[in-house]
There are 2 protein chains.
Amino acid sequence: MTQTLEDSPLYPLVNCRSMAYFGASNNLTAMGSLILSAQLATGFAGPIYPVHPTEDAVQGLKAYRSVADLPEVPDLALFVLPPRLVAETLAACGEKGIRRAVIVSGGFQEVGPEGAERQREIVAVAARYGIRFIGPNCIGVVNTHHRLNTALFPYDEKPGFIGLASQSGSFVAQMFNHLTRHAINFSTAFSVGNEANVDIVDCMEYLAADPRTKVIGLYIEGIRRGEAFVKAARAISPRKPIVAYYVGGSETGSRAGFSHTGAMAGPDAVYDGIFRQCGIIRARSVTELFDFCWVLGALPLPAGRRMVIQTHSGGPGAAAADHCGREGLDLPLLSPETVERLKPFLPHTASFGNPVDMTFARNQGDYFAAIPDVLLREPGADMLLLYILVPSLMIECSLEMMGLLPGDIARETDTLIETQTAALAALVGTHGKPVIGYTYRGIEEKFCRRLMEKGLPVFAGPERAARALTALVQYRKIRNRQDGSAMDEVGTGTT
Amino acid sequence: MTQTLEDSPLYPLVNCRSMAYFGASNNLTAMGSLILSAQLATGFAGPIYPVHPTEDAVQGLKAYRSVADLPEVPDLALFVLPPRLVAETLAACGEKGIRRAVIVSGGFQEVGPEGAERQREIVAVAARYGIRFIGPNCIGVVNTHHRLNTALFPYDEKPGFIGLASQSGSFVAQMFNHLTRHAINFSTAFSVGNEANVDIVDCMEYLAADPRTKVIGLYIEGIRRGEAFVKAARAISPRKPIVAYYVGGSETGSRAGFSHTGAMAGPDAVYDGIFRQCGIIRARSVTELFDFCWVLGALPLPAGRRMVIQTHSGGPGAAAADHCGREGLDLPLLSPETVERLKPFLPHTASFGNPVDMTFARNQGDYFAAIPDVLLREPGADMLLLYILVPSLMIECSLEMMGLLPGDIARETDTLIETQTAALAALVGTHGKPVIGYTYRGIEEKFCRRLMEKGLPVFAGPERAARALTALVQYRKIRNRQDGSAMDEVGTGTT
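Cut-offs and rules
- Residues numbered from 1 in each chain as written.
- Chains lettered and ligands numbered in written order.
- Predicted model: local features only at pLDDT ≥ 70, side-chain atom pairs only at ≥ 80, totals over all residues.
- Helix = DSSP H or I, 4+ residues; strand = E, 2+ residues; numbered from the N terminus.
- Rg over C-alpha atoms; globule rule 2.2 N^0.38 Å.
- Buried ≥ 20, exposed ≤ 12 C-beta atoms within 10 Å, placed from the backbone.
- Contact = placed C-beta atoms within 7 Å.
- Pairing = 2+ DSSP bridges.
- Axes fitted to C-alpha atoms, helices over the stretch in contact; angles between N-to-C directions.
- Right-handed = clockwise from strand over helix to strand, strands pointing away.
- Arc of directions from axis to C-beta.
- pLDDT = per-residue confidence, 0-100.
- Domains from an automatic or database assignment.
- Nonpolar A, V, L, I, M, F, W, Y, C, P; charged D, E, K, R; others polar.
- Core = buried A, V, L, I, M, F, W, Y, C linked by C-beta atoms within 7 Å.

Enquirer: Lay out the overall build of chain A with the relevant residues and their values.
Expert: Each helix and strand counted, chain A has 19 helices and 19 strands in total. Taken against the 2.2 N^0.38 rule, which gives 23 Å for 495 residues, the C-alpha radius of gyration of chain A at 25 Å falls within 12% of a compact globule. Along the three orthogonal principal directions, the C-alpha set of chain A runs to about 80 × 60 × 40 Å. Counting every position in chain A, which comprises 495 residues, the buried fraction comes to 58%. Considering only contacts in chain A between residues 6 or more positions apart, those separated by 24 or more positions represent 73%.

The following block contains the structure:
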């Protein structure tokens, strides 16, 4: 197990100060060129050295005929070359003194015997020079805190806390938009490809040691080093949550995974057992993988599985209760003290049950401040799930009815949204209990967006919210094991 | 069972030519006023008569002191009055000759014995005058083809094909935005409230007879007339698909449903049995309820459960295969003929398995036209699931690389998107097989939006897409029963 981040063999790769690029050119439709231009757009601080047999400059950077000509020994070499050229170029890098590489090129293990032979070659070259490399057949690594981005797409967002190790490059490169829409981000994300040298276990250990990573996500098509995986995960999970989506779970999925990276997928139940044993929280989809990482990285853990649902509409409250019930969460009745404290804020038509349904609201402001504050003080509740309906539109309408001018309405709406979202988001810290929102509208709308930017997750639908809350409860139990509590089975909705 | 639409007792209500409003005023924060202003914004064509004890005009409409003063007998009376005033006002409406009503007011059965007594009163008044009414404790009805909207929110979208009968008003009024974002809409939607007179069975029968309704959605907290429900649903389901989300399914959900509309929720397994028996497709969430209605109304039915997944990225293909496999869908291998036909369009790195993974694309245009056309000609495949990644951004980048000017890029991008989405959407009709898209990006982006507007559903994530495909397969089996095929059990993923 890696003790400090700097000890990790991946540290000089993920935090490289300089890079050599093989396969980038001025032909901007080639994959190597796209990767370089994405990296340039991301704004890496250190020098980048394109190596090109004929060009003097590539995308505005001085190009070098060969790696031997480079003015320094870069920390990292990136390969987007045809597969037959990789071994000899890697050897030249080794001669130069380069000790870390990302091999994006495909055409190895995943394409059959000839490719497998080529893969053995590069493994041998790497061993000869002590090179550690990611790939081949990957998109490499994204370190948002270092503006390192070897993926195909440019990326310019606030750094985040989700560490990902993925056996598919798509779930690094093609999730940028998904993460941005949810106001979250990777800390560091690895696309491990064929795992010829660095594998998913190495990446997991790096992420465990990385203080900027609060939660580790894994996209798994098949684990190669089973024993090492279990050992590492068991050591990490009590300290830092691990969430995994295993795609080889069904016969159909298994066939797809096989042709994709050449990893042998095991049966679903085996992986299920491994995950339980290791304290890994299992996600059922890629969406859920990121949902779980989001709440585990953003929110405090609940003490138990007792929750309160707050709504102003019956159906959405009932649906939330249904989903929470199915996930094994408890909806206790409120204590008499809490009911008393709620009374000044709720109309007589309100339901003081659980869900708490305030019906047609007296005061929109109370809904996001005083009422959740009372509910979070309830000693019998460990977390709060809150229905959110179109507040910005409602605020605008109210202000219009109050006779404000259009210009003032926009400004006042913005102020009110800021005040209300700040009040709600602050309650998480005040009470040390998780709060999650859900809506049937688009989460891109201003009110939800602001909440998410302030660290409070909002989900499209109570079904995703309920599952995410369950992940928090599950991780609380994994933590408790370590604290010497009874070691009960970790599973969705069980206690 | 209703034979024609005009025979339905609900016809004069849903297609009313004139309305009386009780409870609307010039105080725009009151619920009755909001409902009237939403109706006005929706643009109902016929006359609306506000009845108000003191005002001469309400929201710009001439107001009347009492219902007796109205210049004609309106087809419909809408009540947002305090509950104690409803019975006498309803009687006055009866005297006037009004025979249809929507009673939005709460404070009846759902609030206890006193309310139950008030409810018995209005039922008796209605019986005396032969009035049929929806409610109380509801938001009434939305008929998008008639610009009728008694819900709280204004609504101005293209009419649609989803008929909804809901025991929660929220899932009518608060879903407008959800539907709009998916480029779908209600045909007619009912919020049935306490079902004191018209109930969910009556609404289902109306929707069955309505030619503008292609699919019926039900949100159920508890069915009151079990036998009538089963009889009606069994008769309707072979002709028109019915999808239901039953919220009382878990103990927790059951408690919430109870306090909400006073319906007694039965255990989950009972409802599951009823749904199977009736040929009703069961949704697991509100999101899924609308997803299922969407594909059932928009797409042809597949002949079987054999599907092809088309992707250019391994991970998203594998994840789709995993979800489809878990849902019991088959991913057959392509026939040699199909493989031959694909070859001109795919690079040598492509996988000709299933998922078909074209990897780094040669020609973006082929991906949405020639390739799916070949795959839909495959006799061994009943439907197609297609991964969609950010094409508008990719198109813009390609055009930029080709040296186009910024103004031309925008126009050319738009033209290409139009061409490509039109080509793909047209294939559904050409082949008579369902095609569904999935993406991890926002479906609000232009490419997906255009596809949806052309009638091709695109889902956020393959998990939702796989479930939706399963609903199509399930409904094919329900239809087959009627055609004299073996009556096998209808359930997710079974054949």
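After that view of the structure, there is still more to cover.
Enquirer: Quick rundown of the sheet that holds strand S2 (residues 48-51) of chain B? Include the residues and the values.
Expert: Residue and element names in this part refer to chain B. If you trace the five strands from one edge of the open sheet to the other, you get S2-S1-S5-S6-S7, paired in parallel fashion. Here the strands that pair on one side only, and so sit at the sheet edges, are S2 and strand S7 (132-134). If you compare each strand with its neighbour and ignore which way they point, the axes differ by 20° on average. In the sheet, strand S1 (residues 19-22) pairs with S2 via four bridges, with the strands oriented parallel. Bridging from a neighbouring strand, Ala-20 pairs with Tyr-49 of S2.

Enquirer: I'd like to hear about the pairing of strand S1 (residues 19-22) of chain A, residue by residue, with values.
Expert: Residue and element names in this part refer to chain A. Residues of S1 alternate between two faces, with Met-19 and Tyr-21 on one and Ala-20 and Phe-22 on the opposite face, all of them buried. In this sheet, strand S5 (residues 76-79) lies alongside S1 in parallel orientation, the contact comprising four bridges. In the strand pairing of S5, Met-19 is matched with Leu-76. A crossover connection joins S1 to the parallel strand S2 (residues 48-51) through helix H2 (residues 31-42); in handedness this β-α-β unit is right-handed.

Enquirer: Outline helix H10 (residues 268-278) of chain B, listing residues and values.
Expert: Residue and element names in this part refer to chain B. Along H10, the residues that are buried comprise Tyr-271, Ile-274, Phe-275 and Cys-278. The buried side chains of H10 occupy one side of the element, clustering within an arc of 95° when seen end-on. In H10, the exposed positions angled more than 90 degrees off the buried face are occupied by Ala-269, Gly-273 and Gln-277. Where H10 is buried, its residues contact helix H8 (226-236), strand S13 (242-246) and strand S14 (281-283). Gly-279 sits one or two residues past H10 and shows a positive phi near 75°.

Enquirer: A description of the confidence of the model for chain A should follow, citing residues and the corresponding values.
Expert: All names here are of chain A. For chain A, per-residue confidence averages 91 on the pLDDT scale, and 92% of positions sit at 70 or higher. Per-residue pLDDT stays below 50 along residues 485-495; that stretch engages in 20 contacts with residues further than four places along the chain or on separate chains. At the level of chain-chain contacts, confidence expressed as ipTM amounts to 0.93, with global pTM at 0.94.

Enquirer: Before we move on, could you go through the sheet that holds strand S19 (residues 458-460) of chain A and cite the residues and values that matter?
Expert: Residue and element names in this part refer to chain A. If you walk across this open sheet you meet the five strands as S16-S15-S17-S18-S19, and the pairing is parallel. Edge strands, defined here as strands with exactly one partner in the open sheet, are strand S16 (356-357) and S19. Across two bridges, strand S15 (residues 307-311) lies against S16 in parallel orientation. Looking across to S16, one finds that Thr-311 is bridged to Asp-357.

Enquirer: Report on the domain arrangement of chain A, specifying residues and quantitative values.
Expert: All names here are of chain A. Taken as a whole, chain A is organised into domain 1 (11-296) and domain 2 (301-462). Put simply, the middle of domain 1 and the middle of domain 2, counted by C-alpha atoms, are 40 Å apart. It is helix H11 (residues 286-298) that contributes the most residues to the side of domain 1 that touches domain 2, three residues altogether. Of the residues in the side of domain 1 that touches domain 2, the class split is three nonpolar, one polar and two charged.

Enquirer: So, the packing of helix H8 (residues 226-236) of chain A against helix H10 (residues 268-278) of chain A: which residues are in play, and what are the values?
Expert: Residue and element names in this part refer to chain A. Interaxial distance between H8 and H10 falls to 8 Å at its minimum, and their mutual angle equals 35°. Every residue of H10 that contacts H8 at Val-230, Ala-233 and Arg-234 is listed here: Ile-274, Gln-277 and Cys-278. Across the contact of H8 with H10, the residue classes break down as four nonpolar, one polar and one charged.

Enquirer: Give a description of the nonpolar core that names residues and reports values.
Expert: By size, the foremost hydrophobic cluster in this structure holds 326 residues, and its most contacted members are Met204(A) and Met204(B). Contact partners of Met204(B), with chain neighbours within four places excluded, come to Ala165(B), Ile216(B), Leu218(B), Ala232(B), Ala233(B) and Ile236(B).

Enquirer: Would you mind going over unusual backbone geometry in detail, with residue names and values included?
Expert: Note the cis peptide between Gly135(A) and Pro136(A), where omega equals 0°. Tracing the backbone shows Pro136(A) in the loop between strand S7 (132-134) and strand S8 (140-143). The phi torsion at Gln59(B) lies on the positive side, around 50°, for a residue other than glycine. With respect to the secondary-structure elements, Gln59(B) resides in the loop between strand S3 (57-58) and strand S4 (61-62). C-beta crowding within 10 Å serves as the criterion here: with 18 such atoms nearby, Gln59(B) is assigned to the partly exposed category.

Enquirer: An account of the environment of Cys16(B) is requested, with residue identities and associated values reported.
Expert: Residue and element names in this part refer to chain B. Positionally, Cys-16 belongs in the loop between helix H1 (11-14) and S1. Taking the number of C-beta atoms within 10 Å as the measure of exposure, Cys-16 has 21 and is therefore buried. Setting aside residues no more than four positions away along its own chain, Cys-16 makes contact with Asp-75, Leu-76, Arg-100 and Leu-148.

Enquirer: Explain H8(A) to me, using residue names and the numbers behind them.
Expert: Along H8(A), the residues classified as buried are Phe229(A), Ala232(A), Ala233(A) and Ile236(A). Take H8(A) and look down its axis: the buried residues cluster within an arc of 95°, on one side only.

Enquirer: Talk me through the environment of Asn185(B); I want residue IDs and the actual numbers.
Expert: Residue and element names in this part refer to chain B. Assignment of secondary structure puts Asn-185 in the loop between helix H6 (176-181) and strand S11 (186-191). A residue is classified by how many C-beta atoms lie within 10 Å of it, and Asn-185, with 19 of them, is partly exposed. For the pair Asn-185 and Ile-162, spaced 23 residues apart in sequence, the C-alpha separation works out to 6.2 Å. In contact with Asn-185, not counting residues within four places along its chain, are Thr-144, Glu-157, Lys-158, Pro-159, Gly-160, Ile-162 and Leu-179.

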